[in-house]
Amino acid sequence: MNSPKRYTITAALPYTNGPIHIGHLAGVYVPADIFARYQRMQGKDVVFVCGSDEHGVPITIKAKKEGVSPQDVVDKYHKIIKQSFEDFGISFDNYSRTSAKIHHKTASEFFKKLYDAGKFTEETTQQFYDEKAEQFLADRFVVGTCPKCGFDGSYGDQCEKCGTSHNATDLINPKSAITGAIPTLKETKHWFLPLDQYEGWLKEWILEGHKKDWKPNVYGQVKSWIDDGLRPRAVTRDLDWGIPVPVDGAEGKVLYVWFDAPIGYISSTKEWAEKTGRDWEPYWKDEDTKLLHFIGKDNIVFHCIIFPAMLKAEGGFILPDNVPANEFLNLEGNKLSTSKNWAVWLHEYLEEFPKQQDVLRYTLTANAPETKDNDFTWKDFQARNNNELVAIFGNFINRVVVLTNKYYDGIVPKPGNFSEVDEQTLTELKAYPAVIASSIDRYRFREAQAELMNVARLGNKYLADEEPWKLIKTDEDRVKTIMYVALQIASALASLCEPFLPFTSQKLKSMLDYGRSTSEAVINMSGVVFGEGVEENEWEQISAGKELLEPGHAIGEAELLFSKIEDEQIQKQLDKLEATKAANIADNKKAESQKEIATFEEFSKMDLRVGTIVKAEKMAKANKLLVLKVDTGLDVRTIVSGIAESFKPEDIVGKKVTVLVNLAPRKLRGVESEGMILMTENAEGKLVFLNPDEDGVKNGTVIT
Ligand SMILES: [Zn+2]
């Protein structure tokens, strides 16, 4: 399937319990947008859909806390999120929401079809119930210790630390998130998707079929889940917010948010088709369609295992061709966090840097967490803008436009004979569309954008070497040829930069009066389809060495594409983050006193000792766990520690560590652990043994 007839591109549905920040943009929406814009420019039939994910427990928790209805919560954030996407030029053909009628209908029918076909198993099980709150505790209403990595703040449905998805009853030491009570078990009936029955098929489809073309981080995660063994997953919940389960005997139950949310891609496509008078079905059912899910790494299990199993069970749908998930973006060395307000919020960014969306898009792509977690820093943002966008791209365009206006009143001059340098430069230019396209086709957007900048460098160097501003005094004819060549590079740049820097492209095209300006309509999410019926698109014209601006064509006046970002602007952002840190420190004090104050007696109960690791080995079939033997000075005991991904066993034997020796023993994967090693994180977020004086451990780093 090298040249599919059409593309269905989805971007993760943002969860509507908060606005969106740069991490979302970098991980999902900018790469998806680059891909969609690029395919449209190639004349491909594309539908690019998304929408707000408005069901699930966290929204009801937030509503309860704020004393409003869940609908109020989702209405508020749906509006903010949708606006942010429009502001940043994310060119969705349709942005829907899962509270929309069309989605409720689509998801209900999907469930009903699977139900009628006997694809679910029905089970009456014991579920957690909070006697105080008088309600069942689904998903995030329960917190406890992750059975896989031992993290003790894991949610009922997924551990945020190791990413494992599980059932609430798998948690060790579960607690109600509403009242803090220890939940009781109560009988309730639910429907399950028997994922175990899809294991063989998933192995064949992903592990054998997509070993080469899926990103290693995605493939690795999926493999590890399948290797661990899949179990049936409930697709319904005892909750009053969501899509009612459309069968008899299901009162008070709704579809599990992770069953309904991905169907949102289908409903969003339907909504788009209704608006534009098209047929949605080929986009989801024709084998000649390439279905792509752009997501962050926390969503891999749902898009690579659960949703495909649902589609497979339904039987009439195509499966994703690729799921190019990204890792996470950090901010100034710390994890982005909504609750700690450690973020650059998109709506706030635009207040501080008006009309500079492309600078952020550029920086986020240049630092995209494509293969590993990456860091956004304001200094880097400034440097990327000043040293690359202003000094290279902007400088080149400004020279071309200013000189053309100065020498020829803005009219493209007729060239004379090309010199060797001219020929070489134009030949080099011809190669770029294919080079950039090849990177985009492989989801390597950083690399693609770096190549784009090489086009600007090519132009900049050409002018610097040829020096038309000097030659104008001695060889006017030669200058005509130079400016003609430079104008061709400038217009090529206007086309090639469109997927990455849509606002810049639009501005540049209008400055040069060149090409079709498609950006505006796309940015307004009008649902207009571009590129169809065009014989040769702009990228093809560049590759073919066609004349992009002909002699006699009139260009407009120079406008600044990018402007320098001053130190004070950056300092202001850094100060803002420092203020957030200070506020968090103040808030944490409150939070701690709210929690439960540890008395001196209680603290004295902790028996903390210095010990030495005398033996370390990996626990079989557990990626994260090491089994350690630790000499505590009193005895040598076994401690199971979730640090296998950070340390090799052979590297830590002989290390001195801090041990909590009187922690109640607990069994992890059948091995009894008799204590806990105290750990922390260094400046890079890497797990280290507790030793605050080394490794650049920052104030406020949690000891676990
Ligand atoms: Zn975990």
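Use the structure listed above.
Reference entry: report on the structure contained in this document. What you see is a predicted model; the values in this text were computed from it and never measured.

1. Section: the overall build of the chain
Now for step 1: Counting its regular elements, the chain contains 22 helices and 25 strands.
Now for step 2: Computed over its C-alpha atoms, the radius of gyration of the chain comes to 29 Å, within 12% of the 27 Å expected for a compact globule of 704 residues.
Now for step 3: Judged by the C-alpha coordinates and their principal axes, the chain covers about 90 × 60 × 50 Å.
Now for step 4: Restricting to contacts in the chain with at least 6 residues of sequence separation, those with at least 24 account for 73%.
Now for step 5: Split by element, the accessible area of the chain, about 31,200 Å² in all, is 48% carbon and sulfur.
Now for step 6: Side-chain charges in the chain split into 87 positive and 106 negative, and the spacing between the mean points of these groups amounts to 3 Å.

2. Topic: the side chain of Glu327
Now for step 1: Secondary-structure assignment places Glu327 in the loop between helix H9 (300–314) and strand E14 (329–331).
Now for step 2: With a relative accessible area of 13%, Glu327 lands in the buried category.
Now for step 3: With residues up to four places along the chain from it excluded, the contact list for Glu327 reads Asn217, Lys297, Pro369, Thr371, Lys372 and Asp373.

3. Looking at the packing of helix H11 (residues 357–366) against helix H17 (residues 502–512)
Packed helices, taken two at a time, are described by their axes: the angle between them and the distance between them.
Now for step 1: The interhelical angle for the contact between H11 and H17, taken along N-to-C directions, is 130°, at an axis separation of 7 Å. As summarised for this structure, H11 and H17 are arranged oblique, according to the angle between their axes. On H17, the residues touching Gln357, Asp358 and Arg361 of H11 are Pro502, Phe503 and Thr504.
Now for step 2: Looking at the contact of H11 with H17 residue by residue, the classes come out as two nonpolar, two polar and two charged.

4. Some remarks on the nonpolar core
Note that soluble globular proteins tend to have their nonpolar side chains buried in a common cluster.
Now for step 1: Ranked by size, the top nonpolar core spans 170 residues in total, and within it Phe259 and Phe393 carry the most contacts.
Now for step 2: Apart from residues lying up to four places away in sequence, Phe393 is in contact with Glu388, Met453, Ala456, Leu493, Cys497, Leu501, Thr504, Leu508, Leu561 and Phe562.

5. Comments concerning the sheet that holds strand E8 (residues 172–176)
Now for step 1: Pairing in this open sheet of three strands is antiparallel, and the strands run E7-E6-E8 from one edge to the other. Each edge of the open sheet is held by one strand with a lone partner, namely strand E7 (154–155) and E8.
Now for step 2: In this structure, strand E6 (residues 142–145) lies alongside E7, joined through two bridges in antiparallel fashion. Within E7, the residue paired with Val143 across the bridge is Tyr155.

6. Observations concerning the pairing of strand E18 (residues 626–631)
Now for step 1: Where strand E17 (residues 608–618) lies against E18, six bridges are found, and the strand directions are antiparallel. Within E18, the residue paired with Ala616 across the bridge is Leu628.
Now for step 2: Relative to strand E19 (residues 636–641), E18 runs antiparallel, the two being bridged by six bridges. Counted as the bridge partner of Asp631 is Val636 from E19.
Now for step 3: A loop of four residues connects E18 with E19, the two strands running antiparallel in sequence, and Gly633 in this loop sits at a positive phi of about 85°.

7. Observations regarding the coordination of the zinc ion
Now for step 1: Every protein donor of the zinc ion is accounted for by Cys146 (SG), Cys149 (SG), Cys159 (SG) and Cys162 (SG), and the metal-donor separations fall at 2.3 Å.
Now for step 2: Angles of 107 to 111° at the metal separate the four donor atoms of the zinc ion, which places the site in the tetrahedral class.
Now for step 3: Between consecutive donor residues of the zinc ion, the sequence gaps follow C-x2-C-x9-C-x2-C. Of this pair, Cys149 sits in the loop between E6 and E7 while Cys162 sits in the loop between E7 and E8, and the two are 13 residues apart along the sequence.

8. Quick look at the sheet that holds strand E23 (residues 676–677)
Strand pairs in the sheet, formed through backbone hydrogen bonds, run parallel or antiparallel to each other.
Now for step 1: Strand order in the open sheet made by the five strands is E19-E18-E17-E20-E23, with antiparallel pairing throughout. Single-partner strands in this sheet number two, and they are E19 and E23.

9. Quick notes on the layout of surface pockets
Now for step 1: Within this model, the second largest pocket holds a volume of roughly 700 Å³.
Now for step 2: Lining the second largest pocket are 33 residues; nearest its centre among them are Asn322, Asp441, Arg442, Tyr443 and Arg444.
Now for step 3: Every element with two or more residues in the lining of the second largest pocket is listed here: helix H1 (22–41), helix H6 (216–228), helix H13 (420–441), helix H14 (445–466) and helix H19 (538–543).
Now for step 4: Considering each element in turn, the lining of the second largest pocket owes the most residues, four residues, to H13.
Now for step 5: Of the residues assigned to the lining of the second largest pocket, the class counts are eleven nonpolar, nine polar and 13 charged.

10. Re helix H2 (residues 57–66)
Now for step 1: Among the residues making up H2, those that are buried are Val57, Ile59, Thr60 and Ala63. On an axial view of H2, the arc spanned by its buried residues comes to 160°, and they lie on one face.
Now for step 2: In this structure, the buried side of H2 is in contact with helix H3 (70–87).
Now for step 3: Two residues or fewer past H2, Gly67 is found with a positive phi of approximately 65°.

11. Considerations on the pattern of salt bridges
Now for step 1: Summed over the entire model, instances satisfying the criterion amount to 40 salt bridges.
Now for step 2: Between Arg237 and Asp139 there is a salt bridge, and its shortest N-O distance comes to 2.5 Å. You can see Arg237 sitting in strand E11 (residues 236–238) and its partner Asp139 sitting in the loop between strand E5 (135–136) and E6, a full 98 residues away along the chain.
Now for step 3: Accessibility expressed as a relative area gives 11% for Arg237, which makes it buried.
Now for step 4: The exposure class of Asp139 is buried, given its relative accessible area of 8%.
Now for step 5: One salt bridge in this structure joins Arg609 and Asp607, with 2.8 Å as the shortest N-O distance.
Now for step 6: Among the residues examined, Asp607 registers a relative accessible area of 24% and is labelled partly exposed.
Now for step 7: Three or more residues are tied together by salt bridges with common partners; here these are Glu348, Glu352, Lys572 and Lys576.

The rules behind these values
- Think of each chain on its own: its residues are numbered from 1, step by step along the sequence as written.
- Only residues with pLDDT of at least 70 get local features here, since the model is predicted, and only at 80 or more are side-chain atom pairs given and counted; chain-wide, interface and lining totals rely on the full set of residues.
- The basis for every side-chain value is the complete set of heavy atoms in the structure, and neither hydrogens nor water enter the calculation.
- Runs of E in the DSSP output that reach at least two residues are strands. Runs of H or I that reach at least four are helices, and both are numbered from the N terminus.
- When we talk radius of gyration, it's over C-alpha atoms, and the globule rule is simply 2.2 Å times the number of residues to the 0.38.
- Here, two residues are considered to be in contact whenever any of their heavy atoms come within 4.5 Å of each other.
- Reported accessibility uses the Shrake-Rupley method at a 1.4 Å probe radius. Residues are deemed covered only where the shown protein chains occlude them.
- Note that His is not counted, nor are the chain ends; the positive residues are Lys and Arg, and the negative ones are Asp and Glu.
- All charge positions are set by atom: Lys at NZ, Arg at CZ, Asp at CG, Glu at CD.
- A 1.4 Å probe rolled over the protein chains alone gives each residue an accessible area, and that area as a share of the maximum for its type sets the label: buried under 20%, exposed over 50%, partly exposed in between.
- Comment: axis = line fitted to C-alpha atoms, over the contacting stretch for helices; angle = value between 0 and 180 degrees taken between N-to-C directions.
- Our angle categories are set so that under 35 degrees counts as roughly parallel, over 145 as roughly antiparallel, 65 to 115 as roughly perpendicular, and the remainder as oblique.
- Under the grouping applied here, Gly and all other residues not named as nonpolar or charged are polar, the nonpolar ones being Ala, Val, Leu, Ile, Met, Phe, Trp, Tyr, Cys and Pro and the charged ones Asp, Glu, Lys and Arg.
- In these notes, a set of buried Ala, Val, Leu, Ile, Met, Phe, Trp, Tyr and Cys residues joined through side-chain atoms within 4.5 Å is what counts as a nonpolar core.
- Strands are labelled as partners when DSSP assigns at least two bridges between them.
- Sites may look incomplete because water is not among the atoms; the donors themselves are N, O and S atoms within 2.8 Å of the metal, or within 3.2 Å for Na, K and Ca.
- Geometry is assigned from the angles between donors: four donors with all angles from 85 to 135 degrees make a tetrahedral site, four or six donors whose opposite pairs exceed 155 degrees while the rest stay between 65 and 115 make square planar or octahedral sites respectively, and everything else is labelled irregular.
- Here the term cavity refers to a set of points on a 1 Å grid, laid over the protein atoms alone, in which a 1.4 Å probe fits but cannot get out; the term pocket refers to an open set having protein on both sides within 12 Å along at least five of seven lines, with lining residues being those that place an atom within 4 Å of a point.
- Grid points are joined across faces, edges and corners, and a volume is the space filled by probe spheres set on the points.
- The directions from the helix axis to the C-beta atoms are what the arc is built from.
- Any carboxyl oxygen of Asp or Glu that lies within 4 Å of a side-chain nitrogen of Lys or Arg is treated as forming a salt bridge with it.

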